[in-house]
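One letter stands for each residue in the lines below.
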Amino acid sequence: MENIVEINKIYNEDCFVTMSNMEDNLVDIVMTSPPYNMTARKGGYADSGRYDVYEDWMTESEYIDFTIRLFNNFDRVIKENGVVLYNFSYSIENPSLPYKLVAEIVDKTEWCIADTIMWKKGSGLPFPANERRLSRNWEFVWVFVRKNEIDTFKCNKGVKSISEKTGQKYYNVFYNYIEAKNNDGKTHGLNQATYSTDLCTKLFDIYADNGYVVYDPFMGTGTTANACVLNGLNYIGSELSAKQCEYAENRINESKNNLFSL
């Protein structure tokens, strides 16, 4: 199909619309953090400041179906040996959801888990106002690859040494435990569920090469795109909120200007 999606642009639309306009095998990596489906909180987060337009409000089965549809679309637009870096953790309301979701993705799509990365954050929730729940200061980043590419997907673990006796190759070490900032600071009330440029950069060090195209279907305030600009990568984004798109474009332009002034 003809590609009408531009590189280094954020589209103010549903991600399924953006992907429907992409040619096959356009992107190298998907890096994203989807809404966590906090359905037990009446009305979702529409009125809480977590998102400015999106109501995080589906039944569990609807949310699983939504995610399966998402990964089936990823299969068409991601290049051979591409990777999905999927930041998704559990909520107090439904702590078992991530495990159900991963099982359904593996069962019903072409994708499987290559690694599970633990992202250690600077601070965690809930704050000490709950008598039974532990404060969560880490989250998952699930590393998905196609099942038929589990032995070929892109990873920057270069050969460190080779045994003279056996020929065994030993590779550079990347641990599945990453310490990174929670977020990049204030988003002026537009989105309180963001990750950090710091996290993106450390993940790109493992899975990206210079010039890669990274797609974020839930771009929010532009953290993924900002990290791409700072790391020599290209980006495509989808975001429902016009205000968040505007905010993202402004911060991206500021990062570009800062790079050019160096």
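Residues numbered from 1 in each chain as written. Predicted model: local features only at pLDDT ≥ 70, side-chain atom pairs only at ≥ 80, totals over all residues. Heavy atoms only, no water.

J.: Help me understand the packing of helix 5 (residues 223–230) against helix 6 (residues 242–260), please; the structure alone is not making it clear to me.
T.: Two packed helices can be described by the angle between their axes and the distance between those axes. One can describe the packing of helix 5 onto helix 6 by two numbers: an axis separation of 9 Å at closest approach and a directional angle of 15°. With respect to each other, helix 5 and helix 6 are oriented roughly parallel. In the packing of helix 5 onto helix 6, the handedness of the crossing is right-handed. Note on element contacts: helix 6 touches helix 5 through R251, I252, S255, K256 and L259, opposite T223, A225, N226, V229 and L230. Tallied by class, residues from the contact of helix 5 with helix 6 come to 5 nonpolar, 3 polar and 2 charged. (Axes fitted to C-alpha atoms, helices over the stretch in contact; angles between N-to-C directions. Helix = DSSP H or I, 4+ residues; strand = E, 2+ residues; numbered from the N terminus. Parallel < 35°, antiparallel > 145°, perpendicular 65-115°, else oblique. Left-handed = near helix turned anticlockwise from the far one by under 90°. Contact = heavy atoms within 4.5 Å. Nonpolar A, V, L, I, M, F, W, Y, C, P; charged D, E, K, R; others polar.)

J.: Please clarify how the environment of F153 should be interpreted in this entry.
T.: Residue placement: F153 occurs in the loop between strand 5 (136–146) and strand 6 (159–162). Residues F153 and E80, 73 residues apart in the sequence, show an inter-C-alpha distance of 7.9 Å. Beyond its immediate stretch of four places on either side in the chain, F153 contacts N81, V83, A114, V145 and Y207.

J.: Please explain the pairing of strand 5 as it appears in this structure.
T.: A regular strand places its side chains on the two faces of the sheet in alternate fashion. Of all the 11 residues making up strand 5, 9 are buried; the element is thus mostly covered by neighbouring parts of the structure. Pairing between strand 3 (residues 78–87) and strand 5: 4 bridges, direction antiparallel. For Y86, the partnering residue across the bridge sits in strand 5 and is W142. (Buried < 20%, exposed > 50% of the residue type's maximum accessible area, 1.4 Å probe, protein only. Pairing = 2+ DSSP bridges.)

J.: I tried to follow the packing of aromatic side chains on my own but got confused; where do I start?
T.: By convention here, two paired aromatic rings are described through the distance between centres and the angle between planes. According to the stated counting rule, one finds 14 aromatic pairs in the structure shown. Between F71 and W111, the aromatic rings sit 6.4 Å apart at their centres with planes inclined by 75°, giving edge-to-face as the arrangement. With F71 in helix 2 (residues 60–77) and W111 in strand 4 (residues 111–125), the pair connects residues that are 40 residues apart, well separated along the chain. As far as the burial class goes, F71 and W111 line up, both buried. Taking 5.0 Å as the distance between ring centres and 80° as the angle between the ring planes, the aromatic pair formed by W138 and F140 counts as edge-to-face. An aromatic cluster is defined as three or more aromatic residues linked by ring pairs; in this entry it consists of F16, Y36, Y63, F66, F88 and F218. Across the ring face of F16, the terminal group of R69 is positioned such that the distance to the ring centre comes to 3.7 Å. Note that K121 overlies the ring of W119, its terminal NZ or CZ placed 5.2 Å from the centroid. (Phe/Tyr/Trp six-rings, centres within 6.5 Å; stacked < 30°, edge-to-face > 60°. Lys NZ or Arg CZ within 6 Å of the ring centre and 35° of its normal.)

J.: How should the pattern of salt bridges be read in this particular structure?
T.: When charged atoms on two side chains of opposite charge get close, those side chains can pair. Per the counting criterion, the structure on display carries 10 salt bridges. A salt bridge links K100 to E60, with the nearest nitrogen and oxygen atoms 3.1 Å apart. Taken together, the residues K100 in helix 3 (residues 97–108) and E60 in helix 2 connect sequence positions 40 residues apart. Looking at K100, the relative accessible area reads 37%, which means it is partly exposed. For R251, the salt bridge is made with D184, and the minimal N-O distance between the two is 2.7 Å. Within this pair, whereas R251 is found in helix 6, its partner D184 is found in the loop between strand 8 (177–179) and helix 4 (197–207), the two being separated by 67 residues in sequence. Owing to a relative accessible area of 14%, R251 belongs among the buried residues under this scheme. Judged by its relative accessible area of 37%, D184 is partly exposed. Beyond isolated ion pairs, a larger network of salt bridges with shared partners links D75, R146 and E149. (Salt bridge = Lys/Arg side-chain N within 4 Å of Asp/Glu carboxyl O.)

Bear in mind that shape data such as this cannot, by itself, settle questions of function.
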